[in-house]
Amino acid sequence: MTTSLRIGVLETGRPPEELAADHGDYPSMVADWLAPLEGEVTQYAVLDGKFPESPDDADLWIITGSKFGVYENHPFIAPLEDFIRRARDAGRKMVGICFGHQVMAQALGGAVGKSDKGWGLGVHEYTPVNWPDELGTAPEKLSLQAYHQDQVKTLPEGARVIASSEFCDYAALWYPGFGLSVQGHPEFRSEYASQLLNSRKGTLLAPDEVDDAQSTMAKPTTQHQLAELIRIHFPDL
Amino acid sequence: MRRIFEDNAYQRDVDTLNYWRATTPNERTCPALDGRATTEFAIIGAGFTGLNAALHLAREGADVTVLDAHGPGWGASGRNGGFCCLGGAKASDAVLKRRFGEAGYRKYRQTEKAAVDFVDDLLVRLQLDVDRHSSGETVLAHRPKDMDRLRREAEEIHDEYGVDVELIEKADLAAQGMNSAEFHGGLTVRKGFGLNPRKYVQGLAHKAVTKGVRIHGDSPVTGITRIDDGYELRSPSGTLQAKHLLLATNGYSSDDLPEWMRARYLPIQSNIIVTRPLTDDEIAEQGWFSDQMAYDTRHLLHYFRLMPNRRMLFGMRGGVNATPQAHERMRTYVRSEFDRIFPAWTGVETPYFWTGLACLSRNLTPYVGPIGDWPDAFASFAYHGNGVAMGSYCGMLMAELALGRKSHHICPDVIKAPPARFPFGRFRRALLPITFLHYNFLDRP
């Protein structure tokens, strides 16, 4: 009679091919990050149109990062938004990461766009604000790998900002009773983040921006604390 | 050594407030390995797994030497809640059935039962007094819908394990001596019992030594090398050459001992508090007098039992860090959960608190089998917090494998499947020197 937590990972993007061999895909990074939850992870390649049959197929849904913009015209985005709303209505829980953070906001009535602040890269520190009682004691800070130029610009109704920085106003959102989303990447290890930056250096990313981001790689992140927070405080898991 | 948690997790006196450690004195000193030695079977780890393997081998007349970083039961075997019960895997029924078929699944469930019976028989055979109590185990529903699930599953459990089950409705909990507003009913599965794990592990060590097993404490293995006819194990005070190698380090493993272990296991912390003895009035006030060992349906698992000496033991998984400060914070948190579940006991002191490492695998199933392609080398680990029974049984199975003979003991495919690696390997926790790794990376040509 083993009932383990069912974690469904909605895969919305893939790591560069040359890095995937060493680091795995995003769902496996999520599985590693959330391993202390002792849950069973099922992944769904929603970017290929492979959606779960029902929001009830998992207790906790995770939406990964992606190179796509949520405002772009990709065939999987509208059904994903619909799935997010159905999961909320079904009383399931959800955690959104980067693109996942943005698509949750968009699905629930917020707006997302490119930031005029440009790329956020490397370890970013965010300050917890208005920390909800449901999530226990506020951590001193939230510190995560960042890799984005889009940001949530308008909050969906009912969403609460719980962490913020000068670079990113809406760095973490709390949807009471439903979920949590973060602009940073709690599933990234510094080695992957570092190699990802290098792989885009001089093409997508300016070399000096990459160098600046590389200099933050040694800073510890609070990725494991975030996993623990989800484990302990997520309602009804 | 490349271990996952901070050094504090592995130091000798990390658990001085361990109730078992404080109240069950060490009967035996195990001298460190001294100089060069040889043996037929070398076992690393003197816990339930390693000592059961040792005992089993010694009974067959084998020459056995056990090395432990500190001493018998220093790791999880001397720190757990003493739940000798069904369990060992964390994978769901559905996944086990998909991977191993209906028959494989059923065989695995029978193995869980066989593991409890194995310890039960062993205690009788070795005449060990381990403060046994509880008639099976009771799972308590923390939400009405979990009670619905227990109602649905009761018959299935009865069927799969062939054990008696009894549903307890919410209204009947108080009469059963399990009064807490937290719970919406429960299900008792009549298999398993509570015990003092340290008395059990010390009993195993004592018996093993009687049978001629050499146990060396303070002998952390820092290197394993293959040699012509077996293996050479190095510790700070000596080296041991052996024909056969048995690895029984579970949550206290190291990623390079040997390299095959890298990223195949994930230690997680579990934390326990123990109260002073409760008075009759206190017990009446809370309405909790049952001696059933119990756990709840929360994902954030709580486990607890009122011991024969009327101390309440209460445990909970969790904790990202293993520093003294982090442990202190965890102590406060565990206590607050205890207070919520047993509000009448908020004034009762809990002088004991300690933490130890349970062990997961990525497959969420235990493993007993070869260490990769190494000849005559075996490992057994990942009992997912249920090692009292499953760890003991798997240690015995590992010994059978090392003896190279067909076992009459039930050994399902579920536990023969080697654990997949966590893809990030030793990056799976960020506690290892990131700075160093980063520079390594930058220095690459």
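For clarity, every value in this text was computed on a predicted model and none was experimentally measured.

Quick notes on the overall build of chain B
Thought 1: Summing up its helical and strand segments, chain B has 10 helices and 18 strands in all.
Thought 2: In terms of overall size, chain B behaves like a compact globule, its C-alpha atoms giving a radius of gyration of 22 Å where 445 residues would be expected to give roughly 22 Å.
Thought 3: In terms of overall dimensions, chain B has C-alpha extents of about 65 × 50 × 45 Å along its principal axes.
Thought 4: The buried share of chain B, taken over its 445 residues, is 63%.

Observations concerning the packing of aromatic side chains
Each aromatic ring pair is characterised by the separation of its centres together with the angle its planes make.
Residue and element names in this part refer to chain B.
Thought 1: Enumeration according to the criterion identifies 31 aromatic pairs over all chains in this entry.
Thought 2: For the pair Trp20 and Trp354, a centre-to-centre distance of 6.5 Å together with 75° between the ring planes defines the contact as edge-to-face. Here Trp20 is found in helix H1 (residues 19-23), whereas its partner Trp354 is found in strand S16 (residues 352-360), with 334 residues between them in sequence. Here Trp20 and Trp354 have matching classes, each one buried.

Let's talk about the packing of helix H2 (residues 48-59) of chain B against helix H3 (residues 93-126) of chain B
Each packed pair of helices is defined by two parameters, the angle between the axes and the distance between the axes.
Residues and elements named next belong to chain B.
Thought 1: At a minimum axis distance of 14 Å, the contact between H2 and H3 shows a crossing angle of 60°. Here H2 is positioned oblique relative to H3, judged by the angle of their axes. At the point where H2 passes H3, the crossing takes the left-handed sense. Listed contacts from H3 to Asn52, Leu55 and Arg59 of H2 are Phe118, Leu122, Arg125 and Leu126.
Thought 2: Residues that form the contact of H2 with H3 fall into these classes: 4 nonpolar, 1 polar and 2 charged.

A look at the interface of chain A and chain B
Thought 1: Chain A puts 36 residues into the contact, and the matching count from chain B is 44 residues.
Thought 2: Approximately 3,500 Å² of surface area, both sides summed, lies buried where chain A meets chain B, with 57% of it carried by carbon and sulfur atoms.
Thought 3: Between Asp32(A) and Arg362(B) there is a salt bridge; the shortest N-O distance is 3.3 Å.
Thought 4: There are 9 residue pairs in polar contact (both at pLDDT 80 or more) connecting chain A and chain B.
Thought 5: The set of elements that each furnish at least two residues to the side of chain A that touches chain B consists of helix H1 (17-23), helix H2 (26-33), helix H5 (190-199) and helix H7 (223-233) of chain A.
Thought 6: Partitioning the side of chain A that touches chain B into residue classes produces 12 nonpolar, 14 polar and 10 charged.

Details of the UniProt feature "domain: Glutamine amidotransferase" (unreviewed entry) in chain A
Thought 1: The feature "domain: Glutamine amidotransferase" (unreviewed entry), as given by UniProt, occupies residues 79-192 of chain A in the numbering adopted here.
Thought 2: Structurally, residues 79-192 of chain A comprises 20% helix and 38% strand, and the distance from its first C-alpha atom to its last is 30 Å.

Things to note about the sheet that holds strand S13 (residues 293-296) of chain B
Residues and elements named next belong to chain B.
Thought 1: With respect to topology, 8 strands assemble into an open sheet ordered S5-S6-S4-S13-S14-S15-S12-S16, the strand pairing being mixed. Of all strands in the sheet, those bounded by a partner on one side alone are strand S5 (165-169) and S16. When the angles between neighbouring strand axes are averaged without regard to direction, this sheet yields 20°.
Thought 2: Pairing geometry for strand S12 (residues 266-274) and S16, over 9 bridges, is antiparallel. Residue pairing across strands places Ile273 opposite Phe353, the latter belonging to S16.
Thought 3: Along the sheet, helix H4 (residues 144-161) contacts strand S4 (137-140), S5 and strand S6 (185-189); its crossing angle with S5, the most-contacted strand, is approximately 165°.

Some words on the packing of H2(B) against helix H6 (residues 197-210) of chain B
Residues and elements named next belong to chain B.
Thought 1: Where H2 contacts H6, the two axes come as close as 9 Å, and the packing angle between them is 30°. With respect to H6, the axis of H2 lies roughly parallel. Crossing handedness for the pair H2 and H6: left-handed. Where H2 approaches H6, its residues Phe48, Leu51, Asn52 and Leu55 are matched on the opposing element by Pro197, Tyr200, Val201, Leu204, Ala205, Lys207 and Ala208.
Thought 2: Along the lines of polarity and charge, the residues of the contact of H2 with H6 split into 9 nonpolar, 1 polar and 1 charged.

What to know about the nonpolar core
The tendency in soluble globular proteins is for nonpolar side chains to be buried as a group.
Thought 1: Judged by nonpolar contacts, the single largest core of 84 residues is most densely connected at Ile43(B), Val64(B), Leu195(B) and Tyr200(B).
Thought 2: Among the elements that line this core, the one with the most residues is H3(B), at 12 residues.

A closer look at the confidence of the model for chain B
Caution applies to low-pLDDT regions: their predicted coordinates should not be interpreted in detail.
Thought 1: Overall, the predicted model of chain B reaches an average pLDDT of 93, with 95% of residues at or above 70.
Thought 2: Under a pLDDT of 50 for its full length, residues 430-445 of chain B has, in the predicted model, 24 contacts with residues more than four places off or in other chains.

Examining the pattern of salt bridges
Residues and elements named next belong to chain A.
Thought 1: Under the defined criterion, the tally for this structure stands at 44 salt bridges over all chains.
Thought 2: Between Arg92 and Asp56 there is a salt bridge whose closest N-O contact spans 3.1 Å. Here Asp56 lies in the loop between strand S2 (40-44) and strand S3 (60-63) and Arg92 lies in the loop between helix H3 (77-89) and strand S4 (93-97), a separation of 36 residues in the sequence.
Thought 3: According to the relative accessible area criterion, Asp56 is partly exposed, its value standing at 37%.

What to know about the environment of Asp212(A)
Residue and element names in this part refer to chain A.
Thought 1: Position of Asp212 relative to the elements: it lies in helix H6 (residues 207-214).
Thought 2: Given the relative accessible area of 53%, Asp212 is considered exposed.
Thought 3: It is 7.9 Å that separates the C-alpha atoms of Asp212 and Gly122, two residues lying 90 residues apart in sequence.

Looking at the UniProt feature "domain: FAD dependent oxidoreductase" (unreviewed entry) in chain B
Thought 1: Look at the UniProt record and you will see "domain: FAD dependent oxidoreductase" (unreviewed entry) annotated at residues 41-401 of chain B.
Thought 2: The straight-line gap between the two end C-alpha atoms of residues 41-401 of chain B is 12 Å; of that span, 34% is helix and 25% is strand.

Examining the side chain of Asp296(B)
All names here are of chain B.
Thought 1: Structurally, the position occupied by Asp296 is in strand S13.
Thought 2: One buried charged residue, Asp296, forms no salt bridge at all, with the nearest opposite charge on Arg298 at 4.0 Å.
Thought 3: Among the polar contacts made by the side chain of Asp296, one reaches the side chain of His302 at a distance of 2.6 Å.
Thought 4: In contact with Asp296, other than residues within four places in its own chain, are Val139, Leu140, Phe183, Leu301 and His302.

Description of the pairing of strand S11 (residues 238-247) of chain B
Residues and elements named next belong to chain B.
Thought 1: Counting buried residues along S11, 8 of its 10 residues qualify, which places the element largely inside the surrounding structure.
Thought 2: When strand S1 (residues 35-44) meets S11, the two strands line up parallel, connected through 9 bridges. Its bridge partner being in S11, Thr39 is matched across the sheet by Ala242.
Thought 3: One ladder, built from 5 bridges, connects strand S10 (residues 230-235) with S11; its direction is antiparallel. Paired with Tyr231 across the bridge in S11 is Ala242.

Brief notes about helix H9 (residues 387-403) of chain B
Residue and element names in this part refer to chain B.
Thought 1: For H9, built from 17 residues, the straight-helix expectation of 24 Å at 1.5 Å per residue is met to within 8% by its first-to-last C-alpha distance of 23 Å.
Thought 2: Counting buried residues along H9, 14 of its 17 residues qualify, which places the element largely inside the surrounding structure.
Thought 3: Just downstream of H9 lies Gly404, where phi reads positive at about 70°.

A look at unusual backbone geometry
Residue and element names in this part refer to chain B.
Thought 1: With an omega of -15°, the peptide bond running from Leu257 to Pro258 counts as cis.
Thought 2: Among the secondary structure elements, Pro258 is positioned in the loop between S11 and S12.
Thought 3: Positive phi outside glycine occurs at Gln127, with the angle close to 55°.
Thought 4: Relative to the elements of secondary structure, Gln127 occurs in the loop between H3 and S4.
Thought 5: Gln127 gets classed as exposed once you look at its relative accessible area, which sits at 72%.
Thought 6: Even without a glycine there, the phi angle at Ala263 is positive, about 65°.

Procedures and definitions
- Residues numbered from 1 in each chain as written.
- Chains lettered and ligands numbered in written order.
- Predicted model: local features only at pLDDT ≥ 70, side-chain atom pairs only at ≥ 80, totals over all residues.
- Heavy atoms only, no water.
- Helix = DSSP H or I, 4+ residues; strand = E, 2+ residues; numbered from the N terminus.
- Rg over C-alpha atoms; globule rule 2.2 N^0.38 Å.
- Buried < 20%, exposed > 50% of the residue type's maximum accessible area, 1.4 Å probe, protein only.
- Phe/Tyr/Trp six-rings, centres within 6.5 Å; stacked < 30°, edge-to-face > 60°.
- Axes fitted to C-alpha atoms, helices over the stretch in contact; angles between N-to-C directions.
- Parallel < 35°, antiparallel > 145°, perpendicular 65-115°, else oblique.
- Left-handed = near helix turned anticlockwise from the far one by under 90°.
- Contact = heavy atoms within 4.5 Å.
- Nonpolar A, V, L, I, M, F, W, Y, C, P; charged D, E, K, R; others polar.
- Buried area = accessible area lost by both parts, 1.4 Å probe.
- Salt bridge = Lys/Arg side-chain N within 4 Å of Asp/Glu carboxyl O.
- Polar contact = N/O pair within 3.5 Å; in protein donor to acceptor, adjacent residues only side chain to side chain.
- UniProt positions renumbered as here; feature names shortened; annotations may be inferred.
- Pairing = 2+ DSSP bridges.
- Core = buried A, V, L, I, M, F, W, Y, C linked by side-chain atoms within 4.5 Å.
- pLDDT = per-residue confidence, 0-100.
- Lys, Arg positive; Asp, Glu negative; His and termini not counted.
- Expected span 1.5 Å × (residues − 1).

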